[in-house]
Amino acid sequence: MDRAAPYINHTKRIPKRLILSYIVDWIFIILIAIAGYLFSLVSPNHRPFSLVDQNISYPYVEKEKVSTSTLILVSLVAPALITLILSLLPSPTPKAPLQDAPPLGSSLWKRRLWDWNSAWMGLALALATALLLTSGLKNLLGKPRPDLLNRCKPDLQSLQAHAVGGYGAEVSEGILLVSWTICTQSSREILNDGFASFPSGHSSTAFAGLTYLTLYLCAKLALAIPYLLPQPPAPSATELHDPSATELHDLAPNTTRPKDPLPPATYVAAPFRNQGAAPPVYLLVLAFVPVGAAVYISAT
């Protein structure tokens, strides 16, 4: 079944098998998201840690600089609305072969609905995959957060009872690796979250949603790396006045021997910029604003 059928055939209804194939795709995406959510409910691996490790001695901050609600708004809601709006607007990029007639009436809306579905499917797949991989790796790695000691509230009176490594017995009780069982934190949720530092959920979610939005904008605005087509070399003066001087195998592909020799002055090399012009800078800035926002969220 051709999944681009709404673009190719503008006279018939969308086949039911095509619609069913997209429903199956959405089911798989939802299952990926559910699996990622279930992974987030599992207690992570608890790495042993040192009570004198300055990297995990930062204060516990309840209010994050970029809250979860802001993250969802920026990485999910905003890309969804932007892709919806652009899907319903005329696109500057060709979507169908040149020999096909442009869609009219209801066929035009079929095409735009196809664009909308494809846009949201890509966004959903990016975010669901990021959730699955991030939650799974968090549980597997169990890396302590910078504020773990403040979350943990260790019982210093029973330090030796919870020691699992180090040289505290020979050097100092502070140089020990202790187990998470030394923590007196009453909230298991706060404690478990202290062992879920890497990979960052904010960073992965932001880059999944906003990088997809950047790629979508590049596609919609027809932004691409300029490509210079190979140009055949200009014939020399001898070849212009004596066509027999050039053998067929010496000519560039897809070129033919000039029938009427022209003077050398008529062969002007086109500037590279005219052969493959770069996209306007303002469009590049517009398209890469989402990636900049993702970098900011990651830095916080």
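Residues numbered from 1 in each chain as written. Predicted model: local features only at pLDDT ≥ 70, side-chain atom pairs only at ≥ 80, totals over all residues. Heavy atoms only, no water.

For the protein, the name recorded in an unreviewed UniProt entry is Phosphatidic acid phosphatase type 2/haloperoxidase, with Lasallia pustulata as its organism. Database annotation for the protein, UniProt heading Subcellular location (unreviewed entry): "Membrane". UniProt, in its Sequence similarities (unreviewed entry) section for the protein, records the words "Belongs to the PA-phosphatase related phosphoesterase family." (UniProt positions renumbered as here; feature names shortened; annotations may be inferred.)

1. What about the overall build of the protein?
Helix and strand counts for the protein stand at 10 helices and three strands. When the helices and strands of the protein are placed in sequence order, the string is α-α-β-α-α-α-β-β-α-α-α-α-α. In the protein, which comprises 300 residues, the proportion classed as buried is 29%. Sequence separation of at least 24 residues holds for 79% of the intrachain contacts in the protein that already meet a minimum separation of 6. If you sum the accessible surface of the protein, you get close to 19300 Å²; carbon and sulfur atoms cover 66% of it. (Helix = DSSP H or I, 4+ residues; strand = E, 2+ residues; numbered from the N terminus. Buried < 20%, exposed > 50% of the residue type's maximum accessible area, 1.4 Å probe, protein only. Contact = heavy atoms within 4.5 Å. Areas by Shrake-Rupley, 256 points an atom, 1.4 Å probe, with all protein chains shown as cover.)

2. Describing the UniProt feature "transmembrane region" (unreviewed entry) in the protein
When the UniProt feature table is mapped to this numbering, "transmembrane region" (unreviewed entry) covers residues 19–39, 119–141, 207–229 and 281–299. Helix makes up 100% of residues 19–39 and strand 0%, and the two end C-alpha atoms of the span are 31 Å apart. What you have in residues 119–141 is 100% helix and 0% strand, and the ends, taken at the C-alpha atoms, are 33 Å apart.

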